[in-house]
4 protein chains.
Amino acid sequence: MSDLEFRTEPRVQLLCCMGDDRTVAQRARVSTGRESGDPARDAGLVRRLITDRHGSPFEHVVFTHDVETSIFVAREFLRHRIASYSEASLRYMEGKPVVYVPGPERQLVSGGGAQMNYGTGPGDDNQRNQVDVEFHWACDTAWESYQVMLRRGVLREVARGVLPLCFGTHFQVTWNLRSVLNFLSLRVHDPSADRPSHPQYEIEQVARIIEATVARRVPVAYESFMANGRRTP
Amino acid sequence: MSDLEFRTEPRVQLLCCMGDDRTVAQRARVSTGRESGDPARDAGLVRRLITDRHGSPFEHVVFTHDVETSIFVAREFLRHRIASYSEASLRYMEGKPVVYVPGPERQLVSGGGAQMNYGTGPGDDNQRNQVDVEFHWACDTAWESYQVMLRRGVLREVARGVLPLCFGTHFQVTWNLRSVLNFLSLRVHDPSADRPSHPQYEIEQVARIIEATVARRVPVAYESFMANGRRTP
Amino acid sequence: MSDLEFRTEPRVQLLCCMGDDRTVAQRARVSTGRESGDPARDAGLVRRLITDRHGSPFEHVVFTHDVETSIFVAREFLRHRIASYSEASLRYMEGKPVVYVPGPERQLVSGGGAQMNYGTGPGDDNQRNQVDVEFHWACDTAWESYQVMLRRGVLREVARGVLPLCFGTHFQVTWNLRSVLNFLSLRVHDPSADRPSHPQYEIEQVARIIEATVARRVPVAYESFMANGRRTP
Amino acid sequence: MSDLEFRTEPRVQLLCCMGDDRTVAQRARVSTGRESGDPARDAGLVRRLITDRHGSPFEHVVFTHDVETSIFVAREFLRHRIASYSEASLRYMEGKPVVYVPGPERQLVSGGGAQMNYGTGPGDDNQRNQVDVEFHWACDTAWESYQVMLRRGVLREVARGVLPLCFGTHFQVTWNLRSVLNFLSLRVHDPSADRPSHPQYEIEQVARIIEATVARRVPVAYESFMANGRRTP
């Protein structure tokens, strides 16, 4: 029985948010100082801003998301620099550690030699079992080594070096709508996009949840983003 | 009787805000996932973050300010790049234009040859009158030229070239608490600061109003900023 | 006879540069540690980076441009935040001041009521003369007011408020190739672009010179930018 | 006999650089357009810029460093957002993998219960051996799991999840002098600093090499940085 908690899904939630579709329209209208008061005209304006590449009004809507995912997903995520991060340090980790392993939906194998791994297949039962076995074995081994070192008095910041990239981490990100849309355009695959991107599955899991929170919070901006081939304004 | 509205004070207001002192503490505590629930301990943590230069938790508190000021103040303000701006375009200006002129508090003359103008004096009545006369004369002349060109069918974007830097502009800025504190450390003179800065009077007028909104909204962070010699975390 | 120097063209030069097309390819190949040594393969890689939206390798090529232009162009230019600026302060201005006025190529009038001024016309001789007269009159008047105030002992930082937006300024900008391409996609009108932009004529004058320096320095990246509808990588 | 190459030291080199101390002075002097031509006056100016917190001239000097280090150091490094990164992807890793393990200089144990691990001790021979054994065991195990999965046809991007944080990575970073100095102020411990920081040993190893390249390339700026208590301009 492992000391680790194995998960196949990230946890993402919207913690707080400033502004909505109306805010985008208001910031774009700062020149006249008038709110339109008319949702239909606001919507038209937001759409035009995206088409005309006037991105700055979208920066006035700000989100904070809370994300629990693996370290290797966090590595890709934190490459997005127009954002503010607070991340849990492994130096102060408490409680039962979480490990992310491939779930049943995860494509495991190359789908026929495509150089960039764009074509992939689910893998057969043997492959799936093997992955499961190796992840558990590697993670339990690493965790045991880590624990042994701690018990001998070794510093956490030293011992953590043996922990694998699939170990969980936890961070909160505050970013504006323009930066979020850029993230979504890169980290969610949508064949209908102007230039479809090919993110890794695990970060796409995170991105899809974020996308849902955005679609709910700023439906007009989101619909315009989609109508424009998922191009960042 | 001038077609222009002359002002000596900027107008600044806090439009909206996400988060407060508690948010700073919560983001810093993401590692443990626990809220302290205890304002006193939150305050202690916020103070320590500033002393230890852990600035990122302060980035999760976000403000939007609305600013009406002169173009030359806006020029200095917009040099602060960690911020999002929507600014009124002179291309779409409507209503009676606003002009910013030196008010009675403004030091007008050099206080005895100090190279950087740090030493200044109020100026005598003659000097004060002269400034008043010249600002009105230059602004009215420019505005007349501008109007003449518009009446002849010249594009606003061409004609505006004659308008002076003291003409008013209007912008909205969304920025995080860390960026705001950096702005305040540079744009407000405080002799008790670790390294007192020497901002121009007009941007300091704006900055002082912003400072008051921050002090009200995040009193603990603000007090820690002050206690640390106004150093940005 | 005016004390001012009137110009119709900005002055822009490339001061220094780090890297070239080969650098972009090398940074993209950091994963394998091998330089290809083969310009043709480098070119193919650079093209693919733009198509696939891998923008970061372009950030390792850096330019410094020196720009002399009007204050209102500088205002638009400095809105680009992924860049480092050093700008001359009017507080320390020396020598004969430069003023930017519309040249013979400048479209002066609206081409028939288009709301956004996208349709424009050259203007007739009367209009052209009027513009010339008003710019000279407004600038000479402002400059005289400025000089009068200085002679009376008023601080430069106060007196400069009367100077018009067409007065010249001088700045140096250090920015990476990705940021430069984004600037060019917004500030140069090209009907063949994926989404043609509609910059104001005066900033486009500046941007076209910058574009020429980029085309010379990184011809492969530039050609790929063009082939991709002037989309920023 | 391990398939892995174990290292105790990072590898860092300066790949290229734009500008030097003279550049900082020139950018600061853009207002007058004159080069001083006099190194002594340049030096005085650079010192004053740091004291007076005029940081932007330092942004015109740009470096590219090449860094080979562990993934956990890279994680801390890439939190610095005012920088451009190209990082090797584990998806395309080739050759014998590198692993970073604690060397003989590394303090391994807590020096007596200090909460933040600031007080540390070298550890005795038993502890040192234990760390060595655990790192080798955990890394060899993980690498074997990784290899087994690859041989079964599993995608590299899946299999890499088992690799530990002490595995090596390779990246190139392009950043300006101001951003580098900020990094050094946080990532190198110097008791003589105004506010001494307490970086983790492994990132400090990297930072010290970077510091040496900076001290050589911009000796005047570096000396001013030191004289000002290692405060970022």
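Heads up: the structure comes first, above all this text.
Quick notes on the rules
- Residues numbered from 1 in each chain as written.
- Chains lettered and ligands numbered in written order.
- Predicted model: local features only at pLDDT ≥ 70, side-chain atom pairs only at ≥ 80, totals over all residues.
- Heavy atoms only, no water.
- Helix = DSSP H or I, 4+ residues; strand = E, 2+ residues; numbered from the N terminus.
- Buried < 20%, exposed > 50% of the residue type's maximum accessible area, 1.4 Å probe, protein only.
- Contact = heavy atoms within 4.5 Å.
- Areas by Shrake-Rupley, 256 points an atom, 1.4 Å probe, with all protein chains shown as cover.
- Lys, Arg positive; Asp, Glu negative; His and termini not counted.
- Charge placed at Lys NZ, Arg CZ, Asp CG, Glu CD.
- Least-squares fit on C-alpha atoms with pLDDT ≥ 70 in both.
- Polar contact = N/O pair within 3.5 Å; in protein donor to acceptor, adjacent residues only side chain to side chain.
- Buried area = accessible area lost by both parts, 1.4 Å probe.
- Salt bridge = Lys/Arg side-chain N within 4 Å of Asp/Glu carboxyl O.
- Pairing = 2+ DSSP bridges.
- Axes fitted to C-alpha atoms, helices over the stretch in contact; angles between N-to-C directions.
- Parallel < 35°, antiparallel > 145°, perpendicular 65-115°, else oblique.
- Left-handed = near helix turned anticlockwise from the far one by under 90°.
- Nonpolar A, V, L, I, M, F, W, Y, C, P; charged D, E, K, R; others polar.
- Phe/Tyr/Trp six-rings, centres within 6.5 Å; stacked < 30°, edge-to-face > 60°.

**Q** Please clarify how the overall build of chain A should be interpreted in this entry.
**A** When you go through chain A residue by residue, the secondary structure sums to eight helices and eight strands. Taken along the three principal axes of its C-alpha coordinates, chain A extends 70 × 45 × 25 Å. Buried residues in chain A amount to 58% of all 233 residues. Partitioning the contacts of chain A with sequence separation of at least 6, the portion at a separation of at least 24 is 74%. As displayed, chain A offers around 9300 Å² of accessible surface, 47% of which is attributable to carbon and sulfur atoms. The average position of the 29 basic charges and that of the 29 acidic charges among the side chains of chain A differ by 7 Å.

**Q** Before we go on, may I ask you to explain the relation of the copies chain C and chain A in this structure?
**A** Each of the two chain copies can be brought onto the other by rotation about an axis and movement along it. Superposition of chain C onto chain A requires a rotation of 180 degrees combined with a translation of 0.0 Å along the rotation axis, giving an RMSD of 0.0 Å. The superposition of one copy onto the other is thereby described by a two-fold rotation axis. When the interface residues of chain C are mapped onto chain A, 100% of them again lie at the interface, so the same face is used by both copies.

**Q** Honestly, helix 1 (residues 21–28) of chain B in this entry has me stumped. Any pointers?
**A** The α-helix advances 3.6 residues per turn, and as a result positions three or four apart in sequence lie on the same side. Taken together, the buried positions of helix 1 of chain B are D21, T23, V24, A25 and R27 of chain B. Its side-chain oxygen at 3.0 Å from the backbone nitrogen of R22 of chain B, D20 of chain B defines the N-terminal cap of helix 1 of chain B.

**Q** Hey, could you run me through the relation of the copies chain D and chain A in this one?
**A** Once turned by 180 degrees and shifted 0.0 Å along the axis, chain D lies on chain A with an RMSD of 0.0 Å. A share of 100% of the interface residues of chain D reappears at the interface of chain A, consistent with the copies meeting face to face through the same patch.

**Q** Even after reading the chapter, I still don't get the interface of chain C and chain A, so can you show me in this structure?
**A** How big an interface is tends to be expressed through the accessible area that disappears when the partners come together. On the side of chain A, 17 residues touch chain C, which itself brings 17 residues to the contact. Across the interface of chain C and chain A, roughly 1300 Å² is buried in total on both sides, 28% from carbon and sulfur atoms. Seen at the junction of chain C and chain A, the total is four salt bridges. E59 of chain A is the salt-bridge partner of R81 of chain C, the closest N and O atoms lying 2.8 Å from each other.

**Q** I'm lost on the pattern of salt bridges in this one. Help?
**A** Where side chains of opposite charge bring their charged atoms close, a pairing between them can arise. All names here are of chain A. Applying the stated rule across the entire model yields 71 salt bridges over all chains. Notably, a salt bridge pairs R22 with D42, separated by 3.8 Å at the nearest N-O pair. One end of the pair, R22, is in helix 1 (residues 21–28); the other, D42, is in helix 2 (residues 39–51), with 20 residues separating them in the sequence. According to the relative accessible area criterion, R22 is partly exposed, its value standing at 32%.

**Q** How should I be thinking about the sheet that holds strand 3 (residues 62–70) of chain D in this particular structure?
**A** Sheet strands associate in pairs through backbone hydrogen bonding, adopting either a parallel or an antiparallel arrangement. All names here are of chain D. An order of 2-3-8-4 is seen for the four strands of this open sheet, with the pairing classed as antiparallel. In the strand order of this sheet, the two ends are held by strand 2 (11–18) and strand 4 (84–87), each with one partner. The mean inter-strand angle of the sheet, taken between neighbouring strand axes irrespective of direction, is 20 degrees. Packed onto the sheet, helix 6 (residues 177–187) meets strand 3 and strand 8 (168–176) and runs at close to 125 degrees relative to strand 8.

**Q** When you look at the environment of R81 of chain C in this model, what are you seeing that I'm missing?
**A** Following the sequence through the fold, R81 of chain C ends up in the loop between helix 3 (71–77) and strand 4 (84–87). Residue R81 of chain C is classed as partly exposed on the basis of its relative accessible area, which comes to 26%. C-alpha separation for the pair R81 of chain C and V162 of chain C, spaced 81 residues apart in sequence, amounts to 28 Å. Excluding residues within four positions of it along the chain, R81 of chain C makes contact with E59 and R178 of chain A together with R81, A83 and S84 of chain B.

**Q** Before we go on, may I ask you to explain the environment of P164 of chain B in this structure?
**A** With respect to the helices and strands, the residue P164 of chain B is situated in the loop between helix 5 (156–159) and strand 8 (168–176). The spacing of P164 of chain B and G123 of chain B is 41 residues in sequence and 23 Å in space, taken between C-alpha atoms. Contact partners of P164 of chain B, with chain neighbours within four places excluded, come to I71, C139 and A142 of chain B together with G161, V162, L163 and P164 of chain C.

**Q** Even after reading the chapter, I still don't get the sheet that holds strand 4 (residues 84–87) of chain B, so can you show me in this structure?
**A** Residue and element names in this part refer to chain B. Taken in spatial order, the four strands make up an open sheet running 2-3-8-4, and their pairing is antiparallel. Of all the strands in the sheet, the pair left with one neighbour each is strand 2 (11–18) and strand 4. Neighbour-to-neighbour, the strand axes of the sheet open up by a mean angle of 20 degrees, direction not taken into account. As paired strands, strand 3 (residues 62–70) and strand 8 are joined by nine bridges and run antiparallel to one another. Considered in strand 8, the bridge of D66 is made with Q172. Across the sheet, helix 7 (residues 201–217) touches strand 2, strand 3 and strand 8, and the angle it forms with strand 3 is around 160 degrees.

**Q** In this structure, what is going on with the packing of helix 2 (residues 39–51) of chain C against helix 8 (residues 219–227) of chain C? I would like to understand it.
**A** Between two packed helices, what matters for the description is the angle formed by their axes and the separation of those axes. Residue and element names in this part refer to chain C. Taken N-terminus to C-terminus, the directions of helix 2 and helix 8 make an angle of 40 degrees; their axes are 9 Å apart at the nearest point. One finds that helix 2 runs oblique with respect to helix 8. Once helix 2 is placed against helix 8, the crossing between them reads as right-handed. On the side of helix 2, the interface is formed by A43, V46, R47 and I50, while helix 8 contributes V220, A221, E223, S224 and F225. Considered class by class, the residues forming the contact of helix 2 with helix 8 number six nonpolar, one polar and two charged.

**Q** Looking at this structure, how should I read the interface of chain D and chain A?
**A** With 52 residues of chain D at the interface, the matching set in chain A holds 52 residues. Here chain D and chain A share an interface that buries about 4800 Å² over both sides, 56% of which is from carbon and sulfur atoms. Of all residues in chain D, R75, R81 and L155 of chain D give up the largest surface area on contact with chain A, accounting jointly for 14% of the area buried on that side. The interface formed by chain D and chain A includes eight salt bridges.

**Q** Mind showing me how you'd approach the packing of aromatic side chains here?
**A** For any pair of aromatic rings, geometry is given as the distance between the ring centres together with the angle between the planes. The tally for this structure, following the rule as stated, stands at 38 aromatic pairs over all chains. Between W143 of chain D and Y146 of chain D the ring centres are 5.1 Å apart and the planes differ by 25 degrees, which places this aromatic pair in the stacked class. A residue pair is termed a helical-turn pair when its members lie 3 or 4 positions apart in one helix, as W143 of chain D and Y146 of chain D do in helix 4 (residues 125–151) at three residues. In this pair, the class of W143 of chain D matches that of Y146 of chain D, namely buried. By the ring-pair criterion, three or more aromatic residues cluster together here, those being F77, Y85, F171, W175 and F183 of chain A.

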